Amino acid sequence: MINEAQALALLDEVNPVPDLESYEVEAAEVTPQLTTLVQRSSEMTQLDTRRANVSPRPKQPTFWVAAAVVIVLIGAVALLLSQTREVAPAAPVAPIPHSSSSTMSTEGVDISQLVDVNDWIAYQGPGPDGTAFVFLVHPGGTERHKIGEEVGASGLPDWSPDGTSVIFTTRGGVTEPLYSYDLATETSSEVFACEDPCVADDEPSYSADGSQIVFTRYFGPIVNDLPSDCGLWIGNVDTKQVTQITSNPGCDKEYAPRLSPDGTTIAYHRYDENGFGKRTAVFLIDVAGGDETQLTDWSISAAEPVWSPDGEWLVVSFDPEGIDRSGSDLHRMRPDGSEVEQLTFYETVVRRPYHPRYTPDGEWIVYSLHSSAGTELWMIPAEGGNPVALVTGGHFVHPAWQPTP
Amino acid sequence: MTIADERFRELYDSYFKPVHAYCHRRTEPDRVDDATSEVFLVAWRKIDQVPAGTDALPWLYQVAYGVLTNVWRGAGRQTRLRQKLDAYGVGTAPPADEFVVMRQEARQILEAMALLKASQQEVLRLSVWEGLSGSELAIALDVTVDAAKQRLSRARRELADSYNRLEAGKKPSLVARKGGAW
């Protein structure tokens, strides 16, 4: 049940042009043409006035000629403007040849001076029909290409710590197991068996040493279109043995789990089932299970915690879904919830940073920046600072930076 | 340049963008430019009737609504409306984006909107998307301020009711994986 205010808030959320300020149709750009138009129409009006002194009849036809000119010229101007407007996400990405590379960000920053532009960023993006796939792209946007296509729809990528493979989740099929894509052989293979009653595995993330993968698992039977149980699991990469950590009957489960660098603690977020169904909070749990510890208040709607490589910080998205309409930003905090620091300062709901991940060296935080123009990849220094655009002009979510192989 | 010319240019410079956005919010991308041009053509024809000051914008919205209504009527309104809803995910698979819960609710609010009368949909959009006040709504809807407020109040209530009726009748989906970060 929602009330009127919540319904209006939702309606506001789906506004196709949420922010007029950033709606890139500049009337100022057409002023010269409009001036010409008005001058011409003015001349016509003066001519009409002179004619009117002789006879009142010609005024109307001449006026319609002027009106026709208005239509044609305004239409032409609008058409011209439409060539440069950015109001919709860009078309699905296609492979881009390396020769088209540019390491200059939209702010004129040379990315190659900051990071290794030969690294790969794995991300989730839309295919031609909107189906999600995992892609690789270099910082700067070059050599984008799909990986693991043969296993169907895919997403939520994470790199193996040695940088040689990408693990990802899949959609479709009788069950939906995790897959791993090997960069050397360009082939994908199932990671853990997902057999009855398992119906799907999801949201995989490697441990720092690469020996384990934490993920969420869904159990059948499906009742009212929902799995009967969902929870956190951890699997051994070599032995393929998996171990259940938590159980959530009804599938009110943990999301986006990440293992601490020392392998002892899992950070994640979950939804407040007592609220409007969208508020989230960040939790910690011991890798052996037990009671969970809530780190953030529900009112913040914090989500997507990620550990710094040294384990000293957790970077968290505050209100990534824009629930409060007061702004979404990345923050960092100590693993005990103390020393909360704001890292990005968009402070608006129309440009929302989320899906943060540290670069392997811990120097940068890469994230997706959502706006009416699409969802771009950006990064900021790990301590906070000026954002730098990495890949723009498309829809890039769940970025993960390749560790040096 | 005549006073009317100056007035028109002022109008165009000031309000081209919001009028374009208004059309963008309500019709297909390939119709937005034409519709915007038509709005300003009407403004040119009726320049003497355009209210002064900021009241001009809701007046332009009223014109734009008429222009778009004619567009829909001419092309088959229901088909157009469906296409527009589809563009926001209603009746189609959700885009490969981040939070499925948000998309489900967004889709559901659009579905709930589509079940309201056209006049109720418009007053809601004008209030929420264009951010019009009561007096501005009155100009845009060509009714009294009291009538505009009453129409908005009723539409708000009906929107929430419509959403909740949909909510009561829907089943959760495994594919969506409630709240998943897909």
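Residues numbered from 1 in each chain as written. Chains lettered and ligands numbered in written order. Predicted model: local features only at pLDDT ≥ 70, side-chain atom pairs only at ≥ 80, totals over all residues. Heavy atoms only, no water.

**Things to note about unusual backbone geometry**
Residues and elements named next belong to chain A.
Then, in step 1: In this chain, D196 is followed by P197 through a cis amide linkage whose omega measures 10 degrees.
Then, in step 2: Relative to the elements of secondary structure, P197 occurs in the loop between strand 7 (187–190) and strand 8 (198–206).
Then, in step 3: Of note, the bond from G220 into P221 is cis; its omega dihedral lies within 30 degrees of zero at 0 degrees.
Then, in step 4: Position of P221 among the secondary structure elements: in strand 9 (residues 212–223).
Then, in step 5: With a phi angle near 55 degrees, E143 is a residue other than glycine that sits in the positive phi range.
Then, in step 6: Relative to the assigned elements, E143 resides in the loop between strand 2 (132–137) and strand 3 (145–147). (Helix = DSSP H or I, 4+ residues; strand = E, 2+ residues; numbered from the N terminus.)

**Description of the nonpolar core**
Then, in step 1: Within the largest apolar cluster, 58 residues are counted, with the highest numbers of intra-cluster contacts made by A:L11, B:L60, B:I109, B:L124 and B:L159.
Then, in step 2: If we skip the residues at most four places from it in the chain, A:L11 touches B:I109, B:M113, B:L124, B:V128, B:W129 and B:L159. (Core = buried A, V, L, I, M, F, W, Y, C linked by side-chain atoms within 4.5 Å. Buried < 20%, exposed > 50% of the residue type's maximum accessible area, 1.4 Å probe, protein only. Contact = heavy atoms within 4.5 Å.)

**With respect to the packing of aromatic side chains**
Then, in step 1: Using the criterion set out here, one finds 16 aromatic pairs over all chains in the structure.
Then, in step 2: An angle of 85 degrees between the planes, with centres 6.5 Å apart, marks the rings of B:F8 and B:F40 as edge-to-face. On the criterion of sequence distance, the pair formed by B:F8 in helix 1 (residues 3–26) and B:F40 in helix 2 (residues 29–45) is long-range, its members being 32 residues apart.
Then, in step 3: Take B:F8: its relative accessible area is 0%, and that puts it in the buried class.
Then, in step 4: Using a relative accessible area of 0% as the deciding quantity, one classes B:F40 as buried.
Then, in step 5: Members of the aromatic cluster, each reached through a chain of ring pairs, are B:F8, B:Y12, B:F16, B:F40 and B:W44.
Then, in step 6: Cation over ring: A:K146 sits above A:F133, and NZ or CZ is 4.3 Å from the ring centre.
Then, in step 7: A cation over an aromatic ring shows up here: A:R332 above the ring of A:W313, its NZ or CZ 3.7 Å from the ring centre. (Phe/Tyr/Trp six-rings, centres within 6.5 Å; stacked < 30°, edge-to-face > 60°. Lys NZ or Arg CZ within 6 Å of the ring centre and 35° of its normal.)

**Quick word on the confidence of the model for chain A**
Residues and elements named next belong to chain A.
Then, in step 1: Averaged over every residue, the pLDDT of chain A is 80; residues scoring 70 or more account for 77%.
Then, in step 2: This model gives residues 28–69 a pLDDT under 50, and the stretch forms 40 contacts once residues within four places in sequence are excluded.
Then, in step 3: Residue range residues 75–101 is modelled with pLDDT below 50. Its contacts to residues more than four positions away, or to other chains, number 51 contacts. (pLDDT = per-residue confidence, 0-100.)

**A closer look at the pattern of salt bridges**
Residue and element names in this part refer to chain B.
Then, in step 1: Inspection of every chain in the model, using the stated rule, returns 17 salt bridges over all chains.
Then, in step 2: Here R26 and E130 are joined by a salt bridge, their closest N and O atoms 2.8 Å apart. Separated by 104 residues along the polypeptide, R26 in helix 1 and E130 in the loop between helix 6 (118–128) and helix 7 (134–141) bring together distant segments of the chain. Like E130, R26 is buried.
Then, in step 3: A salt bridge links E122 to R125; its shortest N-O distance comes to 3.6 Å. Of the two residues, E122 and R125 both sit in helix 6, three residues apart, roughly one turn of that helix.
Then, in step 4: Taking relative accessible area as the criterion, R125 reaches 10% and is therefore assigned buried.
Then, in step 5: Overlapping salt bridges bring together R25, R26, E122, R125 and E130 as one network. (Salt bridge = Lys/Arg side-chain N within 4 Å of Asp/Glu carboxyl O.)

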